[in-house]
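Understanding the architecture of this molecule
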Amino acid sequence: MDAATCDDSFIGDPSLPPEAVLVITDGLSSLLTDVHDGDLVPLVRPPQGGQVTYAGARVRNINRCSVQLRGRFRDPATNVELGFDGRNTDLVVGADGWGRPDGSQLANLANVPLCPDNDPVRDNAGVPAILEMAVADQHGHSVTVSQMVTPTCTVSDPAMRALCNCECSHLPASGRMCGLDGGTP
Amino acid sequence: MMIDAMKRLMMGVGVALLAVGCGGGSKGDVILDPPAASEGFQLNVPKFDVAAGDEVQNCYFYAVPGTPGQDVWINHFKLAANVGTHHVNIFRVKTIVGLSGNPGDVVESKNGMGPCFVSSNWADWPLVVNTQQGGSTVDWTMPDGVGQRFTPGELLMVQIHFVNATTQQAPDGGRGAANFYYMQAPPANEMGTIFATNQNIRVCPGDNDKTFETHCKTPLTGATIIAANGHFHSRGVEFTMNVTDALGNDMLPQPFYTSDTWNEPPMTLGLDIKIPDGGGVSWTCEFSADPSSCGNPNDSCCFTFGGKVESQEHCNAFIYYYPKIQDYSCF
């Protein structure tokens, strides 16, 4: 699907305000799952390195083409932004009447970065954070949702998990070297 | 280590060569005289062929000259490359993954294949300096009191990419050089760099204004950006950078860097942009792809991340700032 073929039809009821539910995927399957308050969300190594959470939203009462997804993590204590990724994508309407990004392409989801952790104090893995998603179509409809989550290094391979935990530890004054053995944080 | 070609060439630090010309068609080899030995050193990339239809990306390795135990400080660069260069990026060699060499070695790669094209091979190699100006010389002197520090014997890698195909042409073949000029005394401030790359991008035929924005949060306090440039390929429409506060809000009413020229993007010098403490840098790449274009025929003809200019895309930001805490990358 692309902009040339997207019909920009309206999803839902134009008389109602936009609705959204935060969704994520683990980067392995194309399945998008709803995020609930207190959930663990996986930190996944994207192609470029570092660790991200692949996030989006299922939405309705909004137009479906070139919908902007702006995802970020925030520190719940300070509201400081910990990581941000925004991109636009066309939504696919499911049988349930909600529109979702096509989860088979991770480039359609906000690749919300959290690591390498460049904060000199805060560790990012295993520590609660606010996951926020702002959704906007091309016609002025917008909605923002957020949940308290715990970003977690979940990869099964021990070396990759150690790498994730190293990259998601606070940035030491002496610098960080994270190899596949986990390195020194 | 997977290296498809490695050989020693007539290259090295301090060897004279290069830079003339000024973009467009054939201009002959650029000529850049090396500095006097007391004034600096040159990283010289000797001429190599770029056949019609090919993209060649080579990685050359050099050692920083100097006296052991005495830091080398640089505050002035001259960077030159022949017409058709796609980029010249210079990195400090760190973790070895699939790409390495000794001083004087070159690793050759072509058409998207080979270790010099595999970005994960230099994921933690700090940026030193870069240019994307083919057929001309970038002459950059840092602000007073700012310099870049090197260690004698430190290994540097010059990655140089030439395209001689549809989107860019290299009528004179590949060639380039970089002059590093010494400071007389250590400066008050060390310059650091940020290499920021958004690799999970996908642009498909018919896409219009496909946008990817990322924030690079920094650990810096009191930092000032002094130069920047952005890099994407021919689907790129506009590249912008701004600075963000700790909450993630863009702080400048207009981006401090804007490029709508994918093949000769400006290197913006003379910047004086403060990074808010606790904030960072945002960078945005906007793409459009003609409905008849085709990147990867096995992926709906979409263009995804990669170094092959003809069929892949990039969204990379190069940022120079002081004072340095450490060099780091953002993804």
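Within any chain, residue numbers begin from 1 and follow the written order of that chain's sequence. Lettering for chains starts from A, numbering for ligands starts from 1, and both go in the order in which the items are written. Owing to the predicted nature of the model, reporting of local features is limited to residues with pLDDT of at least 70; listing and counting of side-chain atom pairs is limited to 80 or more, with chain, interface and lining totals taken over all residues. Just so you know, side-chain values use all the structure's heavy atoms and leave hydrogens and water out.

1. Comments concerning the overall build of chain A
Let me state the cut-off plainly: Helix and strand definitions here come from DSSP, where helices need a minimum of 4 consecutive H or I residues and strands a minimum of 2 consecutive E residues; each element is numbered from the N-terminal end. Between the two quantities, the radius of gyration covers C-alpha atoms and the globule rule is 2.2 Å times the number of residues to the power 0.38. Here's how the labels work: a residue is buried when its accessible area is under 20% of the maximum for its type, exposed when over 50%, partly exposed in between, all with a 1.4 Å probe on protein chains only.
Secondary structure summary: chain A contains 1 helix and 13 strands in total. Moving toward the C terminus, one meets the helices and strands of chain A in the order β-β-β-β-β-β-β-β-β-β-β-β-β-α. Computed over C-alpha atoms, the radius of gyration of chain A comes to 17 Å, within 12% of the 16 Å expected from 2.2 N^0.38 for 185 residues, which places it in the range of a compact globule. For chain A, the C-alpha atoms occupy an extent of roughly 55 × 30 × 25 Å along the three principal directions. For chain A, the residues scored as buried account for 52% of the 185 residues in total.

2. Observations concerning the pattern of salt bridges
All names here are of chain A. Formally: Put simply, a salt bridge is a Lys or Arg side-chain nitrogen that is within 4 Å of an Asp or Glu carboxyl oxygen.
Summed over the entire model, instances satisfying the criterion amount to 21 salt bridges over all chains. A salt bridge links Arg64 to Asp7, with the nearest nitrogen and oxygen atoms 2.7 Å apart. Residue Arg64 is located in the loop between strand S6 (62-63) and strand S7 (67-74), and its partner Asp7 is located in the segment before strand S1 (10-11); the two are separated by 57 residues in the primary sequence. We classify Arg64 as buried; its relative accessible area is 10%. The residue Asp75 makes a salt bridge to Arg122 at a minimum N-O spacing of 3.2 Å. Here the residue Asp75 occupies a position in the loop between S7 and strand S8 (81-89), and Arg122 occupies one in the loop between strand S11 (110-115) and strand S12 (129-136), the gap between them amounting to 47 residues.

3. Considering the sheet that holds strand S20 (residues 236-244) of chain B
Defined as follows: Strands qualify as paired when DSSP identifies two bridges or more between them. Under this scheme, a helix contributes an axis fitted over its contacting stretch, all axes are lines through C-alpha atoms, and angles between N-to-C directions fall in the 0 to 180 degree range.
Spatial ordering of the open sheet is given by S4(A)-S13(A)-S12(A)-S7(A)-S8(A)-S18(B)-S23(B)-S20(B)-S21(B), a layout of 9 strands whose pairing is mixed. Among the strands making up the open sheet, the edge pair consists of strand S4 (40-43) of chain A together with strand S21 (257-259) of chain B. Across the sheet, the mean angle separating the axes of adjacent strands is 20 degrees when strand polarity is ignored. When S7(A) meets S12(A), the two strands line up antiparallel, connected through 7 bridges. By the bridge assignment, Gly71(A) is partnered in S12(A) with Met133(A).

4. A look at the interface of chain B and chain A
Accessible area lost on assembly of the parts is the figure often given for the size of an interface. Threshold: Residue contacts are defined here by distance: any two heavy atoms, one from each residue, within 4.5 Å place the two residues in contact. When two components associate, each loses some accessible surface as probed by a 1.4 Å sphere; the sum of these losses over both components is called the buried area. Here a polar contact is taken to be a pair of N or O atoms separated by no more than 3.5 Å, where protein atoms must pair a possible hydrogen donor with a possible acceptor and residues adjacent in sequence count only if both atoms sit in side chains. Throughout, the ten residues Ala, Val, Leu, Ile, Met, Phe, Trp, Tyr, Cys and Pro are labelled nonpolar, Asp, Glu, Lys and Arg are labelled charged, and all others, Gly among them, are labelled polar.
The interface is formed by 31 residues belonging to chain B together with 37 residues belonging to chain A. Looking only at chain B, the three residues that lose the most surface to chain A are Asn200(B), Lys217(B) and Phe331(B), adding up to 26% of its buried area. Between the two partners, chain B and chain A, sit 1 salt bridge. A salt bridge links Glu213(B) to Arg70(A); the shortest N-O distance between them is 2.8 Å. For the pair chain B and chain A, the interface holds 14 residue pairs in polar contact (both at pLDDT 80 or more). Elements that contribute at least two residues to the side of chain B that touches chain A include exactly strand S18 (210-217) and strand S26 (328-330) of chain B. Considering every element that reaches the side of chain B that touches chain A, the biggest residue donor is S18(B), with 7 residues. Here the side of chain B that touches chain A is built from residues that sort into 10 nonpolar, 13 polar and 8 charged. Here 4 bridges tie S8(A) to S18(B), and the two strands are oriented antiparallel to one another.

5. Observations concerning the packing of aromatic side chains
Definition in use: Here the aromatic set is Phe, Tyr and Trp, taking the six-membered ring for Trp, and pairing holds for ring centres within 6.5 Å; pairs whose planes are under 30 degrees apart are stacked, those over 60 apart are edge-to-face, and all others are tilted. Definition used: whenever NZ (Lys) or CZ (Arg) falls within 6 Å of the ring centre and also within 35 degrees of the ring normal, the charge is taken to sit over that ring.
Tallied over the entire structure, the rule returns 14 aromatic pairs over all chains. Between Phe91(B) and Trp122(B), the ring centres sit 6.4 Å apart and the planes meet at 35 degrees, which makes this aromatic pair tilted. Here Trp122(B) lies in the loop between strand S9 (105-110) and strand S10 (127-131) and Phe91(B) lies in strand S8 (residues 85-92), a separation of 31 residues in the sequence. Between Phe232(B) and Phe239(B), the aromatic rings sit 5.6 Å apart at their centres with planes inclined by 65 degrees, giving edge-to-face as the arrangement. Across the pair, Phe239(B) and Phe232(B) agree in class, each one buried. Taken together, the ring pairs connect Phe41(B), Phe77(B), Trp140(B), Phe150(B), Phe180(B), Tyr182(B) and Tyr320(B) into an aromatic cluster. Over the ring of Trp98(A) we find Arg58(A), and its NZ or CZ is 4.5 Å from the ring centre.

6. What to know about the state of the cysteines
Residues and elements named next belong to chain B. Convention followed: Count a disulfide wherever a pair of cysteine sulfur atoms falls within 2.5 Å.
A full pass over the atoms with the stated rule returns 7 disulfides over all chains. Here Cys59 is linked by a disulfide to Cys116, with a sulfur-sulfur distance of 2.0 Å. On the sign convention where negative means left-handed, the S-S torsion of about 85 degrees between Cys59 and Cys116 marks this disulfide as right-handed. Taken together, the positions of Cys59 in strand S6 (residues 54-63) and Cys116 in the loop between S9 and S10 put the pair 57 residues apart, joining distant regions of the chain. Its relative accessible area of 0% is what places Cys116 among the buried residues. The disulfide that involves Cys294 links it to Cys301, with 2.0 Å between the sulfurs. Taking the torsion about the sulfur-sulfur bond, which here is approximately -75 degrees, the covalent link between Cys294 and Cys301 counts as left-handed.

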